[in-house]
Every structure is written in structure tokens, then in C-alpha cells.
Amino acid sequence: MKIKRDDKVKIIAGNHKGKEGKVLKVLLSKNRVIVEGVNLVKKHQKPNQANQQGGIIEMEASINASNVMLVCENCGKAVRSSSNRNEDGTVTRVCTICNKTV
Ligand SMILES: [Zn+2]
């Protein structure tokens, strides 16, 4: 999977198409990601110390990673990225439009 935590992504398919947000979590084994503010579901929460009332909270549910695309901060667009192996063996992702590291 090319998407990593804290990446900015755009949703390109599915119910939330067009939305953008930051990746909160990557579920590698399921090929899914959780994106901030996208696919909110209501959950009932029992009262606890932080929230003595309990009640309904909204939280993000995961979406399929193939429905999101990385947003290049330089272009501001959803882009494809290619992976470049550096001389020191590390891998960086490069925007295929502007050739900047993303
Ligand atoms: Zn770019």
C-alpha cells in the first residue's frame, strides 16, 4: 500500500467521493484506511471517566484503500506517485506530475 499515516488523501470512489482528509490509520492487513472526517459513523458509548454522560459519538470508520489517492502538497491535486529508491536504500514517493517528493 502506498498510503501512509498522516498522508493527505482524496477520496476518488465510493460514497465519500471528493472528500479530502488526513490519514489517521492504515489497516495494512485489510487494505483499508481511516481518514479524518470521512465515513463518520455514530457509536453508542457507555459513560466513562472522560465522558460521564455517555451517549452517541461520531467516529471515522475505515474505507477501502483503493478508493483514496494521495494528494501532492505541491500540486494540490490527487496524484499517482511512484516510488524511488535512494542511494542510501530508503524509498521516497515522488509525484508523477511535479516530480517532488510526497
Ligand atoms: Zn505534485
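Bear in mind the structure is a predicted one, so any value in this text is a computation, not a measurement.

The rules behind the values
Residues numbered from 1 in each chain as written. Predicted model: local features only at pLDDT ≥ 70, side-chain atom pairs only at ≥ 80, totals over all residues. Heavy atoms only, no water. Helix = DSSP H or I, 4+ residues; strand = E, 2+ residues; numbered from the N terminus. Rg over C-alpha atoms; globule rule 2.2 N^0.38 Å. Buried < 20%, exposed > 50% of the residue type's maximum accessible area, 1.4 Å probe, protein only. Donors = N, O, S within 2.8 Å, 3.2 Å for Na, K, Ca; no water. Tetrahedral: all angles 85-135°; square planar, octahedral: opposite > 155°, others 65-115°. Pairing = 2+ DSSP bridges. Domains from an automatic or database assignment. Contact = heavy atoms within 4.5 Å. Buried area = accessible area lost by both parts, 1.4 Å probe. Salt bridge = Lys/Arg side-chain N within 4 Å of Asp/Glu carboxyl O. Polar contact = N/O pair within 3.5 Å; in protein donor to acceptor, adjacent residues only side chain to side chain.

A. Up close: the overall build of the protein. Counting its regular elements, the protein contains zero helices and nine strands. Its helices and strands taken in sequence order, the protein reads β-β-β-β-β-β-β-β-β from the N to the C terminus. For 102 residues, the compact-globule formula gives about 13 Å, and the C-alpha radius of gyration of the protein, at 17 Å, lies well above that figure. Based on the C-alpha atoms only, the size of the protein along its principal axes is roughly 55 × 30 × 25 Å. The 102 residues of the protein split such that 25% are buried.

B. Structural detail: the coordination of the zinc ion. Looking at the metal site, the zinc ion is ligated by Cys72 (SG), Cys75 (SG), Cys95 (SG) and Cys98 (SG), spaced 2.1 to 2.3 Å from it. Every donor counted, the four donor atoms about the zinc ion form angles of 103 to 113° at the centre, which fits tetrahedral coordination. For the zinc ion, the single-chain donor residues occur in sequence as C-x2-C-x19-C-x2-C. Given a relative accessible area of 24%, cysteine 98 falls into the partly exposed group.

C. Region of the structure containing the sheet that holds strand S3 (residues 32–35). Strand order in this open sheet of five strands is S6-S3-S2-S1-S7, and the pairing throughout is antiparallel. Each end of this open sheet is capped by a strand with a single partner; those strands are strand S6 (63–64) and strand S7 (68–70).

D. Just the pairing of S3, in detail. With four bridges joining them, strand S2 (residues 20–27) and S3 adopt antiparallel strand pairing. Looking at the pairing, valine 23 lines up with valine 35 of S3. Taken together, S2 and the strand that follows it, S3, pair antiparallel across an intervening segment of four residues, in which asparagine 31 is found at a positive phi of about 55°. Pairing of S3 with S6, which is carried by two bridges, proceeds in the antiparallel orientation. Residue pairing across strands places arginine 32 opposite asparagine 64, the latter belonging to S6.

E. Local environment of the domain arrangement of the protein. Each assigned domain of the protein is listed with its residue range as follows: domain 1 (8–71) and domain 2 (75–102). Computed from C-alpha atoms alone, the centre-to-centre distance between domain 1 and domain 2 is 25 Å. Each partner contributes to the interface: domain 1 provides four residues, whereas domain 2 provides eight residues. Of the roughly 500 Å² buried at the junction of domain 1 and domain 2 (both faces included), carbon and sulfur atoms supply 71%. Considering only the surface of domain 1 that becomes buried against domain 2, Met69, Leu70 and Val71 emerge as the three largest contributors, covering 90% of it. One can count zero salt bridges joining domain 1 with domain 2. For the interface between domain 1 and domain 2, the tally reads one residue pair in polar contact (both at pLDDT 80 or more).

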